[in-house]
Amino acid sequence: MNSDIIQVGARLRRARRVLFITGAGVSAESQIPTFRGATAAFADGLTEDGVPFEAALSGETLRRNPALSWKYLARLELSIRGKTPNAAHHTMAALPSPERTVWIATQNIDELHQRAGSRNVLELHGNLRRIICTQCDYSVRWETYEGRAELPRCPECRSGLRPDVVLYGESLPGDVLGAFADEQQQGFDLLFSVGTTSLFPYVIEPVLAARRRGTPVVEINPEATPVSHLADFRFAAAAGPMLQQLAAAANGSTA
Ligand code: OAD
């Protein structure tokens, strides 16, 4: 077995607190297109409505032209509909033990970490199945968008509904950021960055903070990212099989 795998396995075995920062790459093996992949599918970066994907999915467009935003939100929902957790989600979900706490800070809005059984999941970008009113406190869960109105209205105040996700130009949920900051304050023994392009400060800063504290950083991503040079261990590999190998090394077996 590769010596990096053995070393990360040994650290994982001893770790009491582990943080995973995850992105779209973790769900790629569940056949959910990554964000960059989905955007690249549009020639010259424009949707068929002639606006960039990011503009269609911005908070401003949702206010000015909700029908346009809902059209692309519905496509996102279609891309996660019926999809199930893969080996990466399952391996992370199996790691907690009485001695080991695992936190997952994810940019994914597909809920696959929770479906695999993970408990401490911080949804930095929200959740596509949680629907909220844009004006009042109404909220509801939609298991699917199938059969829903194209421009759904709140049954209580008749204002527009929206998914509880962070759209472009919007702030992250304060309670989730607060919980993430609290957990980082307590510190981690090991940090994994898995399947994310690491473009946003709130996923880069925890890696920098880990480095300052001397916490080992592991990156799993077939492509190099802005945090690759900060990683103590870097695996240019798909998340599922790689995490299975690392978990097996931690358990003292081979995968
Ligand atoms: P991206 O789509 O930017 O990046 C996916 C990453 O996963 C890339 O770095 C790929 O190299 C990597 N990848 C692909 N297949 C993989 C596999 N099988 N195993 C491991 N890694 C793999 O997704 P995110 O970084 O999650 O934000 O993007 C973050 C955010 O960008 C999204 O949440 C969205 C978008 O702007 C908002 O909607 C606010």
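Values in this document were obtained by computation on a predicted structure and should not be read as measured data.

Chemist: Can you help me understand the nonpolar core in this one?
Modeler: Side chains that are nonpolar tend, in soluble globular proteins, to be buried together. If you look at the biggest cluster of nonpolar residues, it comprises 26 residues, and the most contacted ones within it are Phe-20, Phe-192, Val-194, Val-218, Ile-220, Phe-235 and Leu-246. Elements with a contribution of two residues or more to this core: helix H1 (3-14), strand E1 (17-22), helix H7 (87-93), strand E2 (101-106), strand E7 (190-194), strand E8 (217-220), strand E9 (233-235) and helix H11 (239-250). Core analysis: the next-biggest nonpolar cluster, separate from the first, contains 23 residues, Trp-142, Cys-154, Leu-161 and Val-165 among them.

Chemist: How do you make sense of the domain arrangement of the protein when you look at a structure like this?
Modeler: Looking at the protein, the domain boundaries give domain 1 (3-32 + 85-125 + 170-250), domain 2 (35-80) and domain 3 (129-165). Just the C-alpha atoms count here: the centres of domain 2 and domain 3 sit 18 Å apart. With 8 residues of domain 2 in contact, the opposing surface of domain 3 contributes 13 residues. Across the domain 2/domain 3 interface, buried area totals approximately 810 Å², and carbon plus sulfur atoms make up 75% of it. Looking only at domain 2, the three residues that lose the most surface to domain 3 are Leu-62, Trp-70 and Glu-77, adding up to 68% of its buried area. Summed over the shared surface of domain 2 and domain 3, the result is 0 salt bridges.

Chemist: When you look at the sheet that holds strand E3 (residues 121-123) in this model, what are you seeing that I'm missing?
Modeler: What links the strands of a sheet is backbone hydrogen bonding, and the strands pair in either a parallel or an antiparallel sense. The 6 strands lie next to each other as E3-E2-E1-E7-E8-E9, forming an open sheet whose pairing is parallel. Each of the sheet's edge strands pairs with one partner strand only, and the pair in question is E3 and E9. Strand-to-strand twist of the sheet, defined as the mean angle between neighbouring strand axes without regard to direction, takes the value 15 degrees. For E7 and E8, the ladder comprises 4 bridges, and the chain directions are parallel. Note on E8: the bridge partner recorded for Val-194 is Ile-220.

Chemist: Looking at this structure, I do not really get the environment of Leu-246. What am I missing?
Modeler: Inspection of the secondary structure assignment puts Leu-246 in helix H11. Residues Leu-246 and Ala-55, 191 residues apart in the sequence, show an inter-C-alpha distance of 39 Å. Here Leu-246 is in contact with Ile-5, Val-8, Gly-9, Leu-12, Phe-192, Ile-220 and Phe-235, once residues within four sequence places are set aside.

Chemist: When you look at the environment of Pro-85 in this model, what are you seeing that I'm missing?
Modeler: Looking at where Pro-85 falls in the secondary structure, it is placed in the loop between helix H6 (66-80) and H7. Overall, Pro-85 belongs to the buried group, its relative accessible area being 17%. Sequence spacing of Pro-85 and Glu-111 is 26 residues, and the spatial spacing of their C-alpha atoms is 8.9 Å. With sequence-adjacent residues up to four places away left out, Pro-85 is seen in contact with Ser-30, His-90, Leu-112, Arg-115 and Ala-116.

Chemist: Looking at this structure, I do not really get the site of the ligand. What am I missing?
Modeler: For the ligand, the set of nearby residues contains 21 residues, the closest of which are Ala-24, Arg-36, Tyr-168, Thr-197 and Asn-221. Thr-197 has a polar side-chain atom sitting 2.5 Å from an oxygen atom of the ligand. Within the contact set of the ligand, a nitrogen atom lies 2.9 Å away from a backbone nitrogen or oxygen of Ala-239. Burial of the ligand by the protein chains amounts to 89% of its free accessible area of 790 Å². Elements supplying a minimum of two residues to the shell around the ligand: helix H2 (25-28) and helix H3 (35-40).

Chemist: For this particular structure, what's the right way to read helix H9 (residues 174-186)?
Modeler: Each turn of an α-helix holds 3.6 residues, which means side chains three or four residues apart point in the same direction. For H9, built from 13 residues, the straight-helix expectation of 18 Å at 1.5 Å per residue is met to within 8% by its first-to-last C-alpha distance of 19 Å. Listed as buried for H9 are Val-176, Phe-180 and Glu-183. An end-on view of H9 places all buried positions within 65 degrees of arc, on one side of the element. Facing away from the buried surface of H9 by more than 90 degrees, the exposed residues are Gly-174, Asp-175, Asp-182 and Gln-185. Buried residues in H9 make contact with E1, E2, E3 and helix H10 (201-213). Immediately downstream of H9, the backbone of Gly-187 shows phi near 90 degrees, a positive value.

Chemist: Sorry, what's going on with the side chain of Thr-91 here?
Modeler: Within the secondary structure, Thr-91 is located in helix H7. With a relative accessible area of 11%, Thr-91 lands in the buried category. For Thr-91, the side chain forms a polar contact with the main-chain oxygen of Ala-87, separated by 2.6 Å. What Thr-91 contacts, discounting residues up to four positions off in sequence, is Leu-243, Gln-244 and Ala-247.

Chemist: Would you take a moment to explain unusual backbone geometry for this structure?
Modeler: In terms of backbone geometry, most residues other than glycine have negative phi values and most peptide bonds are trans. Backbone geometry places Glu-111, a non-glycine residue, at a positive phi of 70 degrees. Even without being a glycine, Arg-158 presents a positive backbone phi close to 70 degrees. With relative accessibility at 54%, the residue Arg-158 sits in the exposed group.

Parameters at a glance
Residues numbered from 1 in each chain as written. Predicted model: local features only at pLDDT ≥ 70, side-chain atom pairs only at ≥ 80, totals over all residues. Heavy atoms only, no water. Core = buried A, V, L, I, M, F, W, Y, C linked by side-chain atoms within 4.5 Å. Buried < 20%, exposed > 50% of the residue type's maximum accessible area, 1.4 Å probe, protein only. Helix = DSSP H or I, 4+ residues; strand = E, 2+ residues; numbered from the N terminus. Domains from an automatic or database assignment. Contact = heavy atoms within 4.5 Å. Buried area = accessible area lost by both parts, 1.4 Å probe. Salt bridge = Lys/Arg side-chain N within 4 Å of Asp/Glu carboxyl O. Pairing = 2+ DSSP bridges. Axes fitted to C-alpha atoms, helices over the stretch in contact; angles between N-to-C directions. Near = heavy atom within 4 Å. Polar contact = N/O pair within 3.5 Å; in protein donor to acceptor, adjacent residues only side chain to side chain. Areas by Shrake-Rupley, 256 points an atom, 1.4 Å probe, with all protein chains shown as cover. Expected span 1.5 Å × (residues − 1). Arc of directions from axis to C-beta.

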